[in-house]
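Topology and contacts: notes
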Amino acid sequence: MVSAPVAAWDVAAATPDPELPMLTIGDLGILRAVDEMADQVVVTITPTYSGCPAMREISADVERRLRLAGWRAVEVRTALAPAWSSDWITVEGSRKLAEAGVAPPSPVRRAHGPVPLTLDPRPAATCPRCGSAETTETASFGATACRSLHRCAACDEPFEAVKPI
Amino acid sequence: MTENPYGWLADEHTDDHRWAFGTGFTDPLAGIDTTVPAGLDAGALATFCLALGDDALVYSHRLQEWMTRMPELEEETAIANIALDLLGQARMLLARAGAIVGKSEDELAFFRHEHEFRNVRLVEPSDHDFAELVGRLLVFATWRLALFERLAEHADPVLAAIGAKGVNELTYHRDYAAQWVVRLGDGTELSRQRMQTALVNLWPYLDELFRPHDVDLVTIQRGEVDVVLDTVFATAGLERPDVPARALVGGRAGRDGVHTEALGYLVAELQSVARAHPDATW
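Owing to the predicted nature of the structure, the values given are computational and were not obtained by experimental measurement.

Parameters and conventions
- Residues numbered from 1 in each chain as written.
- Chains lettered and ligands numbered in written order.
- Predicted model: local features only at pLDDT ≥ 70, side-chain atom pairs only at ≥ 80, totals over all residues.
- Helix = DSSP H or I, 4+ residues; strand = E, 2+ residues; numbered from the N terminus.
- Rg over C-alpha atoms; globule rule 2.2 N^0.38 Å.
- Buried ≥ 20, exposed ≤ 12 C-beta atoms within 10 Å, placed from the backbone.
- Contact = placed C-beta atoms within 7 Å.
- Domains from an automatic or database assignment.
- Nonpolar A, V, L, I, M, F, W, Y, C, P; charged D, E, K, R; others polar.
- Pairing = 2+ DSSP bridges.
- Axes fitted to C-alpha atoms, helices over the stretch in contact; angles between N-to-C directions.
- Parallel < 35°, antiparallel > 145°, perpendicular 65-115°, else oblique.
- Left-handed = near helix turned anticlockwise from the far one by under 90°.

Here the focus is the overall build of chain B. Scanning chain B from N- to C-terminus turns up 10 helices and zero strands. Ordering the α and β elements of chain B from the N terminus gives α-α-α-α-α-α-α-α-α-α. Its C-alpha atoms give chain B a radius of gyration of 20 Å, near enough to 19 Å, the size a compact globule of 282 residues would have. Along the first, second and third principal axes, the C-alpha atoms of chain B reach 60 × 45 × 35 Å. Taken over 282 residues, chain B has a buried fraction of 44%. For chain B, the proportion of contacts with a sequence separation of at least 24, taken over those separated by at least 6, is 77%.

Residues and elements named next belong to chain A. Its domain assignment divides chain A into domain 1 (8-78) and domain 2 (90-106 + 119-162). Using C-alpha coordinates to define each centre, domain 1 is positioned 27 Å away from domain 2. Listed by partner, the interface residues are 10 residues for domain 1 and nine residues for domain 2. Along the lines of polarity and charge, the residues of the side of domain 1 that touches domain 2 split into five nonpolar, three polar and two charged.

Between chain A and chain B, the contact holds 32 residues from the first and 45 residues from the second. Taken together, the elements giving at least two residues each to the side of chain A that touches chain B come down to α3 (55-68), β3 (73-78) and β5 (135-139) of chain A. The element best represented in the side of chain A that touches chain B is α3 of chain A, accounting for four residues. Looking at the side of chain A that touches chain B residue by residue, the classes come out as 21 nonpolar, seven polar and four charged.

Residues and elements named next belong to chain A. The mixed open sheet is built from three strands, whose spatial order is β1-β2-β3. With one partner strand each, in any of the chains shown, β1 (31-37) and β3 form the two edges of the open sheet. If you compare each strand with its neighbour and ignore which way they point, the axes differ by 15 degrees on average. For strand β2 (residues 40-45) and β3, the ladder comprises six bridges, and the chain directions are parallel. Bridged to Q40 within β3 is A73. Across the sheet, α3 lies against β2 and β3, angled at about 155 degrees from β3, the strand it touches most.

Attention shifts here to the environment of D207 of chain B. Residue and element names in this part refer to chain B. Within the element layout of this structure, D207 appears in helix α8 (residues 206-210). In this structure D207 comes out as partly exposed when scored by C-beta crowding, with 14 C-beta atoms within 10 Å. Spatially, the C-alpha atoms of D207 and A274 are 34 Å apart, while their sequence positions differ by 67 residues.

What follows deals with the packing of helix α3 (residues 73-101) of chain B against helix α6 (residues 157-185) of chain B. Residues and elements named next belong to chain B. Two elements in contact, α3 and α6, have axes separated by 11 Å at closest approach and are oriented at 165 degrees. Classified by the angle between their axes, α3 and α6 sit roughly antiparallel to one another. Crossing hand, α3 versus α6: left-handed. Residue-level contacts link A78, I82, D85, Q89, M92, L93 and R96 of α3 to V158, L159, I162, G166, E169, H173 and Y176 of α6. Among the residues making up the contact of α3 with α6, the classes are represented as eight nonpolar, three polar and three charged.

Take a look at the structure:
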């Protein structure tokens, strides 16, 4: 085996997310485990949403990167539980999102019992351009399952946010 | 190494890796242990997963039919995303059933006949208008969310994981639909009237959702769903319809494979490409 200069975790974690390419899968919190054995490595990832079409590309890219880094046998597995939450996006990930003009998600509050119905607009996202909290949500679904659309009243610019889930 | 994560896929045509979404779908449960835990009836688990999977598969197809026809771009992306979430749920549930009965998700989706589908009849008819779209979505998402909250506690860890994941998605679907029902119900006289008519059209299909059936491995009380719907209707100024349930056929309905005439056309379109090219991968 070619000696690997960096740990398998670091190689896998550096894989960019196809739909939010400013983030790595490490930033996004969908990389769940990397188990290194002899010259084999088993990577476990989790989908953000059930229908996320990027899972196949992510697993192919993770496998390719690990092979380039010297691992001959690479296996990528899926884990469904526990379900991904936007709370798993790292502090670094949130910073990169804001820098790219996408508002990071607000923390998710989970209570026990039935999920309450929300008839009012969700809490306003902070504008990633001017920092104003005077924003409105224009659509709770955006270009991908994980994003919503907003408009800032202060700078008049539209922006996207990663949905709290 | 290119920074565009799709770039290398376009250049590197091997058997394994082609352009995004190119050569066939991988098993959505790849690497997940699908052994049925001891003490559970595997056949019953497969049938239940198939029923819940068919609800999502058929309804996702109906929602996809709205694409390019929505009143605004924001609603188009919303319905596309909701349809995609449901398709994802369908894929996992069909794969979960398939792992037990020895079939792939594609075989189950594309090579079963109409009477082998186990979905409820609520998801079969086309929507007459946008009011009916959001009304049906409200009923479906509210019912399914209650079911999935219960699924999350199921003894099969795979089904429980699918349930827990779906709860997060269905919460968004229900809120989206509820907010539109309120906006139309509490809007103009015309929008209120059309929203009320839509509810009357949907209501005959509600009883079936709560009819006890051998297929069910979890049950919910109708009251759990009613309390949510009543909140929405009260806010919207709408009345809960009082119309008779759609008749069963010899005591049977969607869960027994007895469907409305609408399903045959839907299944024919859904399966046409796969049946024309049964060995193709895409």
